[in-house]
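If you want the building blocks of each chain, they are given just below.
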Amino acid sequence: MQIFGVDIGGSGIKGAPVDLDKGDLTQERYKVLTPHPATPDGVADGVKEVVEHFGWTGPVGLTFPGVVTGGATIRTAANVDKSWIDKDAGALFRDRLGGLPVTVVNDADAAGVAEMHFGAGQGRKGTVILLTFGTGIGSALFVNGILVPNTELGHLELNGHDAEKKASSKAKEDGELTWEHWANRVQKYLAHVEMLFSPELFIIGGGVSRKADKFLHFIEDIKAEIVPAQLQNNAGIVGAAMHAAGDD
Ligand code: BGC
């Protein structure tokens, strides 16, 4: 079965049809830049462009970079326009896509579900935490393969700061940090998350998962196993489609 997946991020809106049996994209993904400010209308236009690029007319699963409750209502908007808060994103996207059936899920939860089924978390029991390092830090917490949604561990306070402001990959870019300097911050962050949850496995996702060889060796003194995500930047798209199919 195929469902269309769209991953809405702080920098890009990416989408492609997903083969749910393989957990893979069936065509090369298409990306448009996230508008700034990332208002509901602007983002919905971007989503429409991505879906129409493929002439898609079936169900669409979308991710959102904030808390999503009650099916598709947005509750937080750390890295997008604040007018998203309390918006029914399901109704917005459905209208903009001419009535196609849509679902909405937190971006890190989507990536986590995809990694647990098809990637680095396959068959892993116990407590597993996927963290995505991008514009913000997203988290997905699993206990024996079951997701605890909307955990928002990227906003833990670390040395008096919102952790994602110091340890996201945007923080690395904005501060022009070396890999080692940034990895030291990630290390402190992981130690804090480990103190709270004692997971058996950390999966490191987001764009940096492709560059694991540049920083993972700087991370020490963490008892949990640490591995890069395997689906890399497609995890959100695949997870969005899985959510639409009810496979998560
Ligand atoms: C948001 C999370 C999101 C993460 C990654 C954070 O700022 O609060 O909901 O998963 O960024 O996009």
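Just so we're clear, the structure is a prediction, and the values are computed from it rather than from any experiment.

What counts and what doesn't
- Residues numbered from 1 in each chain as written.
- Predicted model: local features only at pLDDT ≥ 70, side-chain atom pairs only at ≥ 80, totals over all residues.
- Heavy atoms only, no water.
- Buried < 20%, exposed > 50% of the residue type's maximum accessible area, 1.4 Å probe, protein only.
- Helix = DSSP H or I, 4+ residues; strand = E, 2+ residues; numbered from the N terminus.
- Pairing = 2+ DSSP bridges.
- Axes fitted to C-alpha atoms, helices over the stretch in contact; angles between N-to-C directions.
- Contact = heavy atoms within 4.5 Å.
- Phe/Tyr/Trp six-rings, centres within 6.5 Å; stacked < 30°, edge-to-face > 60°.
- Core = buried A, V, L, I, M, F, W, Y, C linked by side-chain atoms within 4.5 Å.
- Salt bridge = Lys/Arg side-chain N within 4 Å of Asp/Glu carboxyl O.

Caption draft 1: Examining the pairing of strand E10 (residues 137–143) more closely. Most of E10 sits inside the fold, with six of its seven residues counted as buried. Summarising the sheet, strand E9 (residues 127–133) and E10 pair through seven bridges and their orientation is antiparallel. Bridge assignment links Phe133 to a residue of E10, and that residue is Ile137. Remark: three residues form the turn of the hairpin made by E9 and E10, two consecutive strands paired antiparallel. Pairing of E10 with strand E11 (residues 146–148), which is carried by three bridges, proceeds in the antiparallel orientation. Its bridge partner being in E11, Val143 is matched across the sheet by Ile146. The turn linking E10 back onto E11 is made up of two residues, and Asn144 within it adopts a positive phi angle of 50 degrees.

Caption draft 2: A look at the sheet that holds E11. Reading across the sheet, the five strands line up as E11-E10-E9-E14-E15 and stay open at both edges, with mixed pairing between neighbours. Edge positions in the open sheet fall to E11 and strand E15 (225–228), since each of these has one partner strand only. Neighbour to neighbour, the strand axes of the sheet diverge by 25 degrees on average, direction disregarded. Together, E9, E10, E11 and strand E14 (201–205) form the strand contacts of helix H3 (residues 107–118), whose direction differs from that of E10 by roughly 45 degrees. The strands touched by helix H6 (residues 179–197) are E9, E10, E14 and E15; relative to E9, the strand with the most contacts, the crossing angle is about 150 degrees.

Caption draft 3: Representation of the packing of aromatic side chains. Counted under the stated rule, the structure contains nine aromatic pairs. Seen in terms of ring centroids, Phe4 and Phe54 are 5.2 Å apart; in terms of plane orientation they differ by 65 degrees. Their pairing is edge-to-face. Of this pair, Phe4 sits in strand E1 (residues 2–8) while Phe54 sits in the loop between helix H1 (40–53) and strand E5 (60–64), and the two are 50 residues apart along the sequence. Residue classification places Phe4 among the buried residues on the basis of a relative accessible area of 0%. The interplanar angle of 85 degrees and the centroid separation of 5.8 Å between the aromatic rings of Phe133 and Trp182 together place this pair among those described as edge-to-face. You can see Phe133 sitting in strand E9 and its partner Trp182 sitting in helix H6, a full 49 residues away along the chain. Across the pair, exposure class does not vary: Phe133 and Trp182 are buried alike. Aromatic rings pair up to connect Phe133, Trp179, Trp182, Tyr189 and Phe215 into one cluster.

Caption draft 4: Unusual backbone geometry, seen in detail. The omega torsion across His36 and Pro37 is 0 degrees, close enough to zero to call that bond cis. Mapped onto the elements of the fold, Pro37 is located in the loop between strand E4 (30–33) and H1. Its identity as a non-glycine residue notwithstanding, Asn144 has a phi of 50 degrees, on the positive side. Here Asn144 shows up in the loop between E10 and E11. A positive phi angle, close to 50 degrees, is found at Glu176, a residue other than glycine. Locating Glu176 in the fold gives a position in the loop between helix H5 (169–174) and H6.

Caption draft 5: Quick peek at the nonpolar core. Counting residues in hydrophobic clusters, the biggest one holds 53 residues, and the most contacted among them are Val47, Val60, Trp84 and Phe93. Beyond its immediate stretch of four places on either side in the chain, Trp84 contacts Ala38, Thr39, Pro40, Val43, Phe64, Ile74, Ala77, Ala89, Leu92 and Phe93. Ranked by size, the runner-up nonpolar core spans 24 residues in total, among them Ala163, Leu177, Phe202 and Ala224.

Caption draft 6: Summary view of the pattern of salt bridges. Tallying each qualifying case throughout the model produces nine salt bridges. Note that Lys14 is salt-bridged to Asp7, the shortest N-O span being 3.8 Å. One salt bridge connects Asp19 with Lys22, and the closest N-O pair in it is separated by 3.9 Å. Connected through salt bridges with shared partners, the residues Asp41, Asp45 and Arg96 form a single ionic network.

Keep in mind these values describe shape, not function.
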